[in-house]
Amino acid sequence: MATTTTSDGKLLGLWASPYTTRVQLALKLKSIEYELIQENLQNKSELLLQTNPVHKKVPVFIHGDKPICESLIIIQYIDDTWTNGPSILPSDPYDRAMARFWAAYIDDKWFPLLKELGGAQGDEARASIVEKIFEGLVLLEEAFVKCSKGKALFGGDNVGYLDIALGCFLGWIKATEIMTGIKWLDETKTPGLVGWAERISSDSSIKDVLPEAQKLVELYTMSAGLEKGASN
Amino acid sequence: MASEDVKILGGWPSPYVMRPRIALNIKSVNYEFLQEQFGSKSDLLLKSNPVYKKIPVMIHGEKPICESLIIVQYIDEVWDSGHSILPSDPYDRAVAKFWATYIDDKWFPGLRAISRAEGEDAKKEAAEEVIAGLVLLEDAFIKCSKGKSFFGGEKIGYLDIALGCFLASLTVTEKMGNIKLLDENKTPNLFKWAEKFSSDAAVKDVMPETGKLMDFAKVLIAKSKAS
């Protein structure tokens, strides 16, 4: 196991970014020491521009002198490199394919809906997005039932790839619940996910890494206010 | 050895469908190629990919696997015949995955944008973006190939498949738009690689012939204009 008292790597990220949270969750699972460098997206550091010249985005994980970009790719790299700790991806190839499929679905289809909701104009547009978000959650509930195979987490007994891929959004899911008054994780609609969310939020390796919903609400309100102020 | 009850649901023109077919060829795994009818979706497709209803889908025994790059990784993990498709080094794997994602999220949409661009200026701008992307990929090729013929080194690998599947579409776009995208002067390594990739044993029978693909593209364009 890569044991070192100095940090094993640097993580360029943002406390509010669920993609940064994702990588932090994986690092915590593997007990990897790292230095977290908070970026300012309005003023990106030289290091960020140098290590992610293509997208100029966080998170970037720098292991030694090697930069790795894209949160899910970073997690797979961490899993491939630190093999002594608990495995993040399932061992069975089909289970791995399922985990990768649903993680991609979350990133490509589901989470963008939450972001879209923020910019929606008019009741009809909002209602349509809300409906899609709930439909997505029903799909994720089905995925949970299949992947967990009766256990507590997507990864079974232990936190795994899909627990991290979805769990990183719990702060924002709660924050959006607070801001819209809509209960996304509803026991009557998606009981599996509700139980899972409670377990994840109280898991010792997870809870200190997830950003607090209230802080995210404050951040969102402040940046929305700034945008309004700028356009006046 | 894993049971070889493998089906691929797809269509001959689709670059995404080419990907798992190349991977299965590398592993010498026989499969049944079930071609979807263009314009309609079979019950089997709707059942095995209810979320996206898209090709390709691989059905291994009873299990459907969707999303072309996820299918390629699955194939690599199940069969160890032939050669490894993903690099063995974790960092090389991360780099290969990074560029494959870039190709799908940024580069190929840029290529499609050329044929949709209206007016000479828009077409030129779209083409320049694609060429700029190819310059990035040229750089990636130099780093990944480490002096060998393919992104994967001596043999074709993940990134070769991820990019190579678009070569026929690239050629059709060049011919129909009367533009040069893959330029021997700007991206000499990629230029050479394109030919090697296209003639590789695992690729040549599944890469659509340019003329045939161009006819298909013209039918698609005519249909979209009519609707």
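Computed from a prediction, not measured in an experiment: that's the story for all the values here.

**Student:** Mind showing me how you'd approach unusual backbone geometry here?
**Tutor:** Only a minority of non-glycine residues have a phi that is not negative, and only a minority of peptide bonds are not trans. Following V58 of chain A, the chain continues to P59 of chain A via a peptide bond in cis, the omega torsion being 0°. With respect to the helices and strands, the residue P59 of chain A is situated in the loop between α2 (46–51) and β3 (60–63). Residues I55 of chain B and P56 of chain B are joined by a peptide bond in cis, for which omega reads 0°. By the element assignment, P56 of chain B lies in the loop between α2 (43–48) and β3 (57–60). For S31 of chain A, which is not glycine, the phi dihedral falls at a positive 55°. Relative accessible area serves as the criterion here: at 56%, S31 of chain A is assigned to the exposed category. The backbone phi angle of K146 of chain B is positive, close to 50°, even though this residue is not glycine. Mapped onto the elements, K146 of chain B comes out in the loop between α5 (120–145) and α6 (158–164). Residue K146 of chain B is classed as exposed on the basis of its relative accessible area of 54%.

**Student:** What exactly am I supposed to notice about the interface of chain B and chain A here?
**Tutor:** The parts lose accessible area when they come together, and the size of an interface is often stated as this lost area. On the side of chain A, 25 residues touch chain B, which itself brings 23 residues to the contact. Summed over both sides, the interface of chain B with chain A buries roughly 2100 Å², with 72% coming from carbon and sulfur. In this assembly, chain B and chain A are joined by three salt bridges. One salt bridge in this structure joins E77 of chain B and R96 of chain A, with 2.9 Å as the shortest N-O distance. Our enumeration of links across chain B and chain A arrives at seven residue pairs in polar contact (both at pLDDT 80 or more). Elements supplying a minimum of two residues to the side of chain B that touches chain A: β4 (63–66), α3 (68–78) and α4 (90–116) of chain B. Looking at the side of chain B that touches chain A element by element, the count peaks at ten residues for α4 of chain B. Tallied by class, the residues present in the side of chain B that touches chain A amount to 15 nonpolar, two polar and six charged.

**Student:** Explain the pattern of salt bridges here, please?
**Tutor:** Should their charged atoms come close, side chains of opposite charge can pair. Scanning all chains against the criterion turns up 17 salt bridges over all chains. Between K148 of chain B and E154 of chain B there is a salt bridge, with the nearest N and O atoms lying 3.1 Å from each other.

**Student:** Would you mind showing me how to read the UniProt feature "domain: GST C-terminal" (unreviewed entry) in chain A here?
**Tutor:** Feature annotation in UniProt places "domain: GST C-terminal" (unreviewed entry) on residues 92–223 of chain A, given in this structure's numbering. For residues 92–223 of chain A, the helix share is 71%, the strand share is 0%, and the end-to-end C-alpha distance is 43 Å.

**Student:** What's the story with the side chain of D163 of chain A in this structure? I'm lost.
**Tutor:** All names here are of chain A. Tracing the chain through its elements places D163 in helix α6 (residues 161–167). Lacking a salt bridge, the buried D163 has R199 as its closest oppositely charged neighbour, with an N-O distance of 7.4 Å. Among the polar contacts made by the side chain of D163, one reaches the main-chain amide nitrogen of G160 at a distance of 2.8 Å. In contact with D163, other than residues within four places in its own chain, are L153, F154, G155, N158, C168, W196 and I200.

**Student:** Explanation requested: the side chain of E39 of chain A in the structure shown.
**Tutor:** All names here are of chain A. Topologically, E39 is positioned in the loop between β2 (34–38) and α2. Here S45 takes part through its side chain, which lies 2.6 Å from a polar atom of the side chain of E39. Non-local contacts of E39, meaning those with residues more than four positions away in its chain, are made with L12, G13, L14, K44, S45, L48 and V58.

**Student:** Just to check I follow, could you spell out helix α5 (residues 123–148) of chain A for this structure?
**Tutor:** Count 3.6 residues to each turn of an α-helix, and residues three or four apart come out pointing the same way. All names here are of chain A. Taking 1.5 Å per residue, 26 residues should reach 38 Å; α5 reaches 37 Å between its end C-alpha atoms and fits that length. Regarding α5, the residues found buried are I129, V130, I133, F134, G136, L137, L140, E141, A143, F144, C147 and S148. Where α5 is buried, its residues meet α4 (93–119), α6 and α8 (191–202). Of the residues trailing α5, K149 is marked for its positive phi of about 50°.

**Student:** When you look at the nonpolar core in this model, what are you seeing that I'm missing?
**Tutor:** The tendency in soluble globular proteins is for nonpolar side chains to be buried side by side. One finds W110 and W196 of chain A together with I22, W107 and W193 of chain B to be the most contacted residues of the largest nonpolar core, which totals 152 residues. Looking at which element gives the most residues to this core, the answer is α4 of chain A, with 14 residues. With near-sequence residues (within four places) excluded, W110 of chain A lies in contact with Y105, I133, G136, L137, L140, L166 and I173 of chain A.

**Student:** Please explain the packing of aromatic side chains as it appears in this structure.
**Tutor:** The description of an aromatic ring pair uses the distance of the two centres, along with the angle that the planes make with each other. Taken as a whole, this structure holds 24 aromatic pairs over all chains when the rule is applied. Summarising the aromatic geometry, the rings of F154 of chain A and W196 of chain A are spaced 5.3 Å apart at their centres and angled 80° between planes, so their arrangement reads as edge-to-face. Taken as a pair, F154 of chain A in the loop between α5 and α6 and W196 of chain A in helix α8 lie far apart in primary sequence, 42 residues in all. As far as burial versus exposure is concerned, F154 of chain A and W196 of chain A are alike and both buried. Relative to Y102 of chain B, the ring of W99 of chain B lies with its centre 5.4 Å away and its plane at 80°, an arrangement referred to as edge-to-face. Taken together, the residues W99 of chain B and Y102 of chain B, both in helix α4 and three residues apart, mark about one turn of the helix. For Y102 of chain B, a relative accessible area of 9% translates into the label buried. Three or more aromatic residues link up through ring pairs in this structure, and these residues are F101, W102 and Y105 of chain A together with Y52 of chain B. Lying across the ring of F33 of chain B, R21 of chain B places its NZ or CZ 3.8 Å from the centre. Directly above the ring of W12 of chain B sits K212 of chain B, whose terminal nitrogen or CZ lies 4.4 Å from the centroid.

Reading guide: rules and limits
- Residues numbered from 1 in each chain as written.
- Chains lettered and ligands numbered in written order.
- Predicted model: local features only at pLDDT ≥ 70, side-chain atom pairs only at ≥ 80, totals over all residues.
- Heavy atoms only, no water.
- Helix = DSSP H or I, 4+ residues; strand = E, 2+ residues; numbered from the N terminus.
- Buried < 20%, exposed > 50% of the residue type's maximum accessible area, 1.4 Å probe, protein only.
- Contact = heavy atoms within 4.5 Å.
- Buried area = accessible area lost by both parts, 1.4 Å probe.
- Salt bridge = Lys/Arg side-chain N within 4 Å of Asp/Glu carboxyl O.
- Polar contact = N/O pair within 3.5 Å; in protein donor to acceptor, adjacent residues only side chain to side chain.
- Nonpolar A, V, L, I, M, F, W, Y, C, P; charged D, E, K, R; others polar.
- UniProt positions renumbered as here; feature names shortened; annotations may be inferred.
- Lys, Arg positive; Asp, Glu negative; His and termini not counted.
- Expected span 1.5 Å × (residues − 1).
- Core = buried A, V, L, I, M, F, W, Y, C linked by side-chain atoms within 4.5 Å.
- Phe/Tyr/Trp six-rings, centres within 6.5 Å; stacked < 30°, edge-to-face > 60°.
- Lys NZ or Arg CZ within 6 Å of the ring centre and 35° of its normal.

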